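Residues per chain are reported as follows:
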Amino acid sequence: MEESDLRLSKVDRSNLLETAKWGKFLGIVGFVMSGFIVLGGITMFGGAFNTVYPGLGSGIGFIYILASLLYIFPSLYTYKFSTKIKLGLQTDDAEACSEAYSNLRKLFVFMGIMTIIVLSLYALMIVFMLMGGMMGSML
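Residues numbered from 1 in each chain as written. Predicted model: local features only at pLDDT ≥ 70, side-chain atom pairs only at ≥ 80, totals over all residues. Heavy atoms only, no water.

Let's talk about the overall build of the chain
In plain terms, the rule: The secondary structure listing takes helices from DSSP runs of H or I that are at least 4 residues long and strands from runs of E that are at least 2 residues long, numbered from the N terminus. The quantity called the radius of gyration is restricted to C-alpha atoms. Its globule counterpart is 2.2 Å times the number of residues to the power 0.38. Partly exposed residues are those whose accessible area sits between 20% and 50% of the maximum for their type, while under 20% is buried and over 50% is exposed, using a 1.4 Å probe and protein chains only. A contact between two residues is defined here by any heavy atoms of the two lying within 4.5 Å. The Shrake-Rupley method, run with a 1.4 Å probe, gives the accessible areas here. Residue values count only the displayed protein chains as cover. Just so you know, the count uses Lys and Arg for positive and Asp and Glu for negative, and it drops His and the chain ends. The atoms used to mark charge sites are NZ of Lys, CZ of Arg, CG of Asp and CD of Glu.
Looking only at helices and strands, the chain has four helices and zero strands in total. Reading the secondary structure of the chain in the N-to-C direction produces α-α-α-α. For a compact globule of 139 residues, the expected C-alpha radius of gyration is about 14 Å, and the chain comes in at 22 Å, more than 25% above that figure. Buried positions account for 20% of the 139 residues belonging to the chain. In the chain, the proportion of contacts linking residues at least 24 apart, taken out of those at least 6 apart, comes to 59%. Accessible surface computed for the chain: about 10300 Å², of which carbon and sulfur atoms make up 73%. One way to put it: in the chain the 10 positive side-chain charges average out to a point 9 Å from where the 9 negative ones average out.

Now the structure itself:
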């Protein structure tokens, strides 16, 4: 495959810069939300759940912290894409644009893998619900 110099129109540059602004906003909000989820998880370890149902709060807290770790990756990739594409467009730096597109690719790969995992879990839940329903009807 041949290398080519890709030229962007003013409209394309404007659209990418606008995307970078919103992406940076979403990345920062994602970091803040991850922090809140971690705080929620930490409070679950010593919360009222542990007095009523021992161990339940710790389990839920662990799930919260795990969820925050998963949530930080799309936020990080979005933020990195936004900062690099803005820098690349403002300084005509092709390397910065390449790094930006690499982060965008990582974001889509991560989201695609997470979607496959969630759909697989849904399929397993449906199978188990059907099996449970069939076993329940036998009683």
